[in-house]
Amino acid sequence: MEIYVYSAGVDGMDAVRPKILVVDDRSENLFAMRSALGPLKADIITASSGNEALSLLLRDRFALLLLDVQMPGMTGFELASLIRSDPSLRTIPIIFVTAISKDSRYVQEGYDHGAVDYLFKPVDVDILRAKVNVFLELYAEKLQVERLVAELRQRTTELADANGDLAATRDRAIESDRAKSQFLANMSHELRTPLNAIVGYVGLLSEELEGDDMVEVRQDLGRIDASARHLVGLISDILDLSKIEAGGIDVYWANVSVEAVLDQVVASVSPLARRNGNRFTQEPAPDLGSWTLDAGKLRQVLVNLVGNAFKFTKNGTVRMTARVETVDAHEALVIEVSDTGIGMCMDSIEDLFQPFTQADNTSSRRYGGTGLGLAISRKLMNLMGGSLTATSQSGVGSTFTVRLPRQVLYIDAALESALDAAAADSPSAPQRQAVKC
Ligand SMILES: Nc1ncnc2c1ncn2[C@@H]1O[C@H](COP(=O)(O)OP(=O)(O)OP(=O)(O)O)[C@@H](O)[C@H]1O
Ligand SMILES: [Mg+2]
């Protein structure tokens, strides 16, 4: 059997032969031992006294100690006691080699002094080699374990360092994201105030000019009013988005009638339906009942979705349906807004939920809008522990599905995931165009 010993902490695969220390005061015994152990893959080192053995042990590392018991000066038992009391030596296995007695009390004394085994003189060479081989194997395994432990420690330190770096980078990213969101929120607020003043003054001027012949001036005022309102809407969207990203939006939970929320949505969007000659139907299931949700946020999401459906559908139909679905004993409120409009041909419809993303680069020019509605709507749904998904077919129509679980058990987790998702988004790229298929 080949035994290779790899020194702990030594790089590479340098095989180091294990060392066996044989201690006996009689040179003929040392000679016999050396020849008996010769064929083994180990270096045999000999010492003729306890003191000499001790100084060798302190200088070198040994796989095994074969120790004579009866020696002048320090006996084998005394040397074993010293070895066991030294932390750097105590794990060396000791086999006592004795000619004295096989008496069990005597043998027990040897074990008490730290022997792991006994051999009796005259030593049977086969038994000696077999036993020593077992200890050499154990030693090789021990070194291997030590090497793995050292590697593991090294890796653990490297991982801890890497984790520390990652955490610091993440903290900096979160901090700068919050700072950016805070900046956007402040700026949006500052812009909205003067714009609202413009809208207000335009309104006043229009009232004052009512009945006058100044048609062109009134038309111009109408354009100013429309542009200013568009800007107010856009800034409100940016404000909403940055508030969500900065974690500054609270969810106001209340037990509300879903049908009442749907009626409010219908009331605020029906005037838009006529604009493109669309037919609008609302089809709530009869047993919707009351749900714990933030009515304001659900309303905002549905108004966005129905508003989009009206915008991208001409002389078609827009349907809003609502039902309760039960999956694995978990109830969810499912509201779908579908239309028979232009639909979309997207490589990834998920891109639409990124801020400032539209299905194609003519959308903004032809239909208006900034590409913020869906991003905000999804984040609002996530805040409530729900989801917003979409399916669409170019030229056939689109369906947007809002899903809200009955019991929101992990509001904090939902908030966290919404914030994480918000952090991953980048509203800085203006008007990104999603890839068209
Ligand atoms: N019902 C729909 N039918 C076809 N395309 C749609 C529909 N809803 C959304 N889209 C596509 O998804 C894009 C993103 O919608 P989103 O509501 O986020 O932005 P927007 O309507 O363009 O602008 P905003 O809502 O900010 O005023 C739209 O520009 C449009 O290309
Ligand atoms: Mg929109």
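Residues numbered from 1 in each chain as written. Chains lettered and ligands numbered in written order. Predicted model: local features only at pLDDT ≥ 70, side-chain atom pairs only at ≥ 80, totals over all residues. Heavy atoms only, no water.

A. Local environment of unusual backbone geometry. In this structure, P122 follows K121 across a cis peptide bond, with omega equal to -5°. Residue placement: P122 occurs in the loop between β7 (117-120) and α5 (125-209). In this structure, F356 takes a positive phi of about 60° despite not being glycine. Mapped onto the elements of the fold, F356 is located in the loop between β12 (330-339) and β13 (357-358). (Helix = DSSP H or I, 4+ residues; strand = E, 2+ residues; numbered from the N terminus.)

B. Structural context of the nonpolar core. Counting residues in hydrophobic clusters, the biggest one holds 51 residues, and the most contacted among them are F280, L293, L298, V306, M320, I335 and V402. Broken down by element, the residue count for this core peaks at eight residues, all from helix α8 (residues 295-311). Counting residues in each nonpolar core, the second largest holds 24 residues, with L21, L67, A80 and A115 among its members. (Core = buried A, V, L, I, M, F, W, Y, C linked by side-chain atoms within 4.5 Å. Buried < 20%, exposed > 50% of the residue type's maximum accessible area, 1.4 Å probe, protein only.)

C. Expanded view of the site of ligand 1. Taken together, 21 residues form the shell around ligand 1, and within it N308, K311, Q358, L372 and L374 come nearest. Here a nitrogen atom of ligand 1 and a side-chain polar atom of S398 are 3.4 Å apart. Within the complex, the protein chains bury 94% of what would otherwise be the 600 Å² of accessible surface of ligand 1. Because more than half of its atoms lie within 2 Å of the grid, ligand 1 is assigned to the largest pocket. Mapped onto the shell around ligand 1, the elements with two or more residues apiece are α8, β13, α10 (373-383) and β15 (397-405). With three residues, α8 is the largest single contributor of residues to the shell around ligand 1. In the shell around ligand 1, the residues fall into eight nonpolar, 10 polar and three charged. (Near = heavy atom within 4 Å. Polar contact = N/O pair within 3.5 Å; in protein donor to acceptor, adjacent residues only side chain to side chain. Areas by Shrake-Rupley, 256 points an atom, 1.4 Å probe, with all protein chains shown as cover. 1 Å grid on protein atoms, 1.4 Å probe; cavity = no way out; pocket = protein on both sides within 12 Å on 5 of 7 lines; lining within 4 Å. Sits in = over half its atoms within 2 Å of the grid points. Nonpolar A, V, L, I, M, F, W, Y, C, P; charged D, E, K, R; others polar.)

D. Structural context of the environment of T370. Its place among the elements puts T370 in the loop between α9 (363-367) and α10. Exposure remark for T370: the relative accessible area of 16% places this residue in the buried category. Distance in space between the C-alpha atoms of T370 and F356 is 5.8 Å, their sequence separation being 14 residues.

E. Quick peek at the pairing of β15. In terms of strand pairing, β12 meets β15 through eight bridges, oriented antiparallel. Residue A332 lies in a different strand from β15, and its bridge partner there is P405. Across seven bridges, the pairing between strand β14 (residues 387-393) and β15 is antiparallel. Counted as the bridge partner of S392 is S398 from β15. Between β14 and the antiparallel strand that follows it, β15, lie three residues; G395 among them carries a positive phi value of about 80°. (Pairing = 2+ DSSP bridges.)

F. Region of the structure containing the sheet that holds strand β9 (residues 279-284). Strands sit in the order β9-β11-β12-β15-β14 across an open sheet of five strands; the sheet is mixed. Of all the strands in the sheet, the pair left with one neighbour each is β9 and β14. Sheet twist, expressed as the average angle between the axes of neighbouring strands with direction ignored, equals 15°. Contacting β9, β11 (317-327), β12, β14 and β15, α8 crosses the sheet at an angle of about 30° to β12. (Axes fitted to C-alpha atoms, helices over the stretch in contact; angles between N-to-C directions. Contact = heavy atoms within 4.5 Å.)

G. Looking closely at the packing of aromatic side chains. Counting across every chain of the model gives four aromatic pairs. Ring geometry for F77 and F96: centres 5.1 Å apart, planes at 80°, overall edge-to-face. Pair noted here: F77 is in helix α3 (residues 76-85) and F96 is in strand β6 (residues 94-98), with a separation of 19 residues, a long-range link. A relative accessible area of 8% places F77 in the buried class. Given the relative accessible area of 0%, F96 is considered buried. With a centroid separation of 5.3 Å and an interplanar angle of 80°, the aromatic rings of F280 and F310 are classed as edge-to-face. (Phe/Tyr/Trp six-rings, centres within 6.5 Å; stacked < 30°, edge-to-face > 60°.)

H. Expanded view of the side chain of D294. Relative to the helices and strands, D294 is located in the loop between β10 (290-293) and α8. Only 2.8 Å separates the side chain of D294 from the side chain of K297, close enough to count as a polar contact. With sequence-adjacent residues up to four places away left out, D294 is seen in contact with D250, V251, Y252, W253 and M384.

I. Molecular detail of the packing of α5 against helix α6 (residues 215-245). Viewed as axis vectors pointing N to C, α5 and α6 meet at an angle of 155°, and their least axial separation amounts to 8 Å. The orientation of α5 with respect to α6, classified from their angle, is roughly antiparallel. For the pair α5 and α6, the sense of crossing is left-handed. Taken together, the residues of the contact of α5 with α6 sort by class into 18 nonpolar, seven polar and six charged. (Parallel < 35°, antiparallel > 145°, perpendicular 65-115°, else oblique. Left-handed = near helix turned anticlockwise from the far one by under 90°.)

J. Representation of the layout of surface pockets in the model. By volume, the largest pocket amounts to about 1200 Å³. Every residue lining the largest pocket is counted, 45 residues in all, and those nearest its centre are N308, K311, F312, G368 and G369. Residue contributions to the lining of the largest pocket peak at eight residues, all from α8. Taken together, the residues of the lining of the largest pocket sort by class into 15 nonpolar, 21 polar and nine charged. (Points joined across faces, edges and corners; volume = space filled by probe spheres on them.)

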